[in-house]
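# Structural description and commentary
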Amino acid sequence: MFAGFRATSLQLDDTTIFARVGGTGLPLLLLHGFPETHLMWRDIAVALAPRFTVVAADLRGYGQSGCPVSSAEHSPYAKRAMAGDMVQVMQQLGFGQFMVAGHDRGGRVAYRLALDHPDEISRVAVLDVIPTAAAWDRADARLALGFWPWSLLAQPEPLPERLIGAAPDAIVDNAIVQWGSPAEMFSATIREAYVKALRDPVHIHAICEEYRAAATIDREHDALDQINGRRIKCPLLALWSSQGGLETWYAEEGGPLAIWRKWADRVEGGPVPGGHFFPEEHPHQTAAALSKFFEVE
């Protein structure tokens, strides 16, 4: 995995971030979702490396990255804090401006990067997400039952921490199956890596704090951006699972593209084959779509 990439751990202001770096060309940051780590990009990163300098990072609280102490407001695990991490990471690697693609939780960090750091982000791709506040504003039984971590992991501690710690393998297996991607696409090695990341109590707590932040302070940040008219100025690519909720849940208001156009000036994209984990299910097709969007003449 990650042939030709080097591993690095970068010391930031209040945590460490693990990343793999490889390739040549314009810098492109790749951010993972739950319950994954940077390993979700293993095939895509290699496919993109001939055209881009690719950085695949573990978000704070996930994988091999650090877990800073949280607060009552969950602000250390707000997407704003996670976005700030990635600006520091890319600066330490020598990149003042870069492009970013994020799937699931990483997609939320990606669009927060574009909002909070417009001078640093030249293009952004968000995979299988709509903005956090928009999702919560439209939340109903479909979201509560379909993507259970939103409500379950946001519950006060220690209930979600205890549940994850008691059966991390069940968490990973359920996510894979329930969210529409075939289990066989995850090798035993990859599955075990994701399960291992959910066995550590410190990381479990950090991940739950990230979901608590999404239910509270992240929504507040998004709402203030909308009130103040802050928009994503750079081009935005939105891709989503043709088999998942985003394909049908918001159809009456024009689907994900219509929602993203309330937040960004230049939006393109559409549904792609596969379940929620389509980047791992169809890495070459996903890499091709990302490459086409990120290639700048």
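Description of the structure in this document. From a predicted model like this one, the values you see are computed outputs, not experimental measurements. (Residues numbered from 1 in each chain as written. Predicted model: local features only at pLDDT ≥ 70, side-chain atom pairs only at ≥ 80, totals over all residues. Heavy atoms only, no water.)

Here we come to the packing of helix α3 (residues 105-116) against helix α11 (residues 217-228). Their axes nearest at 12 Å, the elements α3 and α11 cross at an angle of 40°. Taken together, the axes of α3 and α11 are oblique relative to one another. The handedness of the crossing between α3 and α11 comes out as left-handed. In this structure, α3 uses Y111, R112 and L115 to contact α11, whose residues at the interface are H221, D222 and D225. Tallied by class, the residues present in the contact of α3 with α11 amount to two nonpolar, one polar and three charged. (Axes fitted to C-alpha atoms, helices over the stretch in contact; angles between N-to-C directions. Helix = DSSP H or I, 4+ residues; strand = E, 2+ residues; numbered from the N terminus. Parallel < 35°, antiparallel > 145°, perpendicular 65-115°, else oblique. Left-handed = near helix turned anticlockwise from the far one by under 90°. Contact = heavy atoms within 4.5 Å. Nonpolar A, V, L, I, M, F, W, Y, C, P; charged D, E, K, R; others polar.)

Counting buried residues in strand β7 (residues 236-241) gives six out of six residues, a clear majority hidden from the surface. Residues L236, A238 and W240 point to one face of β7 and L237, L239 and S241 to the other, with burial holding for every one of them. By the bridge criterion, four bridges tie strand β6 (residues 121-127) to β7 in an arrangement that is parallel. Opposite A125, over in β7, you have L237 as the bridge partner. Alignment of β7 against strand β8 (residues 267-272), held across six bridges, turns out to be parallel. (Buried < 20%, exposed > 50% of the residue type's maximum accessible area, 1.4 Å probe, protein only. Pairing = 2+ DSSP bridges.)

Attention now moves to unusual backbone geometry. Here the amide bond leading from F34 into P35 is cis, since omega sits at 0°, within 30 degrees of zero. Residue placement: P35 occurs in the loop between β3 (26-31) and α1 (42-48). With an omega of 10°, the peptide bond running from E157 to P158 counts as cis. Among the structural elements, P158 can be located in the loop between α6 (149-152) and α7 (159-166).

Now for the nonpolar core. If you look at the biggest cluster of nonpolar residues, it comprises 103 residues, and the most contacted ones within it are L29, F34, L113, V124, I232 and W260. Among residues more than four places away in sequence, those in contact with L29 are V55, A57, M86, M90, F98, M99, V100, A101 and L113. (Core = buried A, V, L, I, M, F, W, Y, C linked by side-chain atoms within 4.5 Å.)

Further remarks concern the environment of E268. Here E268 lies in strand β8. In this structure E268 comes out as partly exposed when scored by relative accessible area, which is 43%. It is 10.0 Å that separates the C-alpha atoms of E268 and A258, two residues lying 10 residues apart in sequence. Dropping the residues within four chain positions of it, E268 is found in contact with L236, L237, A238, L257 and F293.

Moving on: the sheet that holds β3. The mixed open sheet is built from eight strands, whose spatial order is β1-β2-β4-β3-β5-β6-β7-β8. At either margin of the open sheet sits one strand with a lone partner, and together these are β1 (6-11) and β8. Neighbour to neighbour, the strand axes of the sheet diverge by 20° on average, direction disregarded. Where helix α2 (residues 79-92) meets the sheet, it contacts β1, β2 (16-23), β3, β4 (52-57) and β5 (98-103), and its direction lies at approximately 145° from that of β3. Its contacts with the sheet place α3 against β3, β5 and β6, and it is angled at close to 150° to β5.

Let's shift gears to the packing of helix α8 (residues 168-178) against helix α9 (residues 188-197). Taken N-terminus to C-terminus, the directions of α8 and α9 make an angle of 125°; their axes are 8 Å apart at the nearest point. One way to sum up the angle between α8 and α9 is to call them oblique. For the crossing formed where α8 meets α9, the hand is right-handed. Packed against α8, whose contacting residues are P168, D169, V172 and D173, the element α9 presents R191, Y194 and V195 at the interface. Class assignment for the residues of the contact of α8 with α9 results in four nonpolar, no polar and three charged.

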